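The residues making up each chain are set out below.
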Amino acid sequence: MNFGAAFHLFKENVGGLCFMTGPSMLPTLDNSGELVVESILPHRLFPNHLGRGELITLTSPLDPSRIICKRVIGLPGDVVCVDPTGLKAHSTEHVVVPKGHVWVIGDNAAWSRDSRDYGPVSMALVRGRLAARIYPLDRFTIFSKTTTYIE
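Anyway, here's the lowdown on the structure attached to this text.

### A closer look at the pattern of salt bridges
Right, on to step 1. With the rule as written, the count across this model stands at nine salt bridges.
Right, on to step 2. Residue Arg71 pairs with Asp107 through a salt bridge whose shortest N-O separation is 2.8 Å. Here Arg71, found in strand S4 (residues 67–74), pairs with Asp107, found in the loop between strand S7 (101–105) and helix H3 (115–118); they are 36 residues apart in sequence, far enough to count as distant.
Right, on to step 3. Between Asp114 and Arg116 there is a salt bridge whose closest N-O contact spans 2.8 Å.
Right, on to step 4. Taken together, the salt bridges that share partners define one network made up of Glu34, Arg133 and Arg139.

Have a look at this one:
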């Protein structure tokens, strides 16, 4: 019983392994599922240190029982294009990300429900960052920021 409680506390507050499935993060994460390392503690200690391009885990704004993974593309104060693909909004529509929020999008925009659907995401919903993919072994990756920001 004590080990189970300690494991739960560790996983919810420090980090652990997560199994990610679904098409919204293709090609970064495979649709059939991959084992990743979720890092929670750094975000809890420094919640305002998220960066553009980082892969984050968050509580789904549409279904609070689900944890989802998305890429940060906008930080508080940024002006972002609501939908650069033009699939869900005109590509000329822009929004300012409010204080205490981030703008997130799936890497596979055609199959992703993200800020284009539910708007800016409260930082309170962010759980942590994806640190690495550890399985399958032939796709081992340490994740880094990959977004280019234009001033």
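What follows picks up the thread again.
### Here we look at the nonpolar core
Right, on to step 1. Counting residues in hydrophobic clusters, the biggest one holds twelve residues: Leu50, Ile56, Leu58, Ile68, Val72, Leu75, Val102, Val104, Tyr118, Val121, Met123 and Val126.
Right, on to step 2. When residues of this core are traced back to their parent elements, those giving at least two are strand S3 (55–59), S4 and S7.
Right, on to step 3. What Tyr118 contacts, discounting residues up to four positions off in sequence, is Pro61, Leu62, Ile68, Lys70, Val104 and Arg113.
Right, on to step 4. Residues Met20, Met25, Cys69 and Phe143 belong to the second largest nonpolar core, which totals nine residues.

### Regarding the pairing of S7
Right, on to step 1. Counting buried positions along S7 gives four out of five residues, so the element sits mostly inside the fold.
Right, on to step 2. The sheet contact formed by S4 and S7 spans three bridges and is antiparallel. Paired with Gly74 across the two strands is Trp103, which belongs to S7.
Right, on to step 3. Taken together, the two bridges between S7 and strand S8 (residues 121–122) define a ladder with antiparallel strand orientation. The partner of His101 across the bridge, within S8, is Ser122.

Analysis parameters
Residues numbered from 1 in each chain as written. Predicted model: local features only at pLDDT ≥ 70, side-chain atom pairs only at ≥ 80, totals over all residues. Heavy atoms only, no water. Salt bridge = Lys/Arg side-chain N within 4 Å of Asp/Glu carboxyl O. Helix = DSSP H or I, 4+ residues; strand = E, 2+ residues; numbered from the N terminus. Core = buried A, V, L, I, M, F, W, Y, C linked by side-chain atoms within 4.5 Å. Buried < 20%, exposed > 50% of the residue type's maximum accessible area, 1.4 Å probe, protein only. Contact = heavy atoms within 4.5 Å. Pairing = 2+ DSSP bridges.

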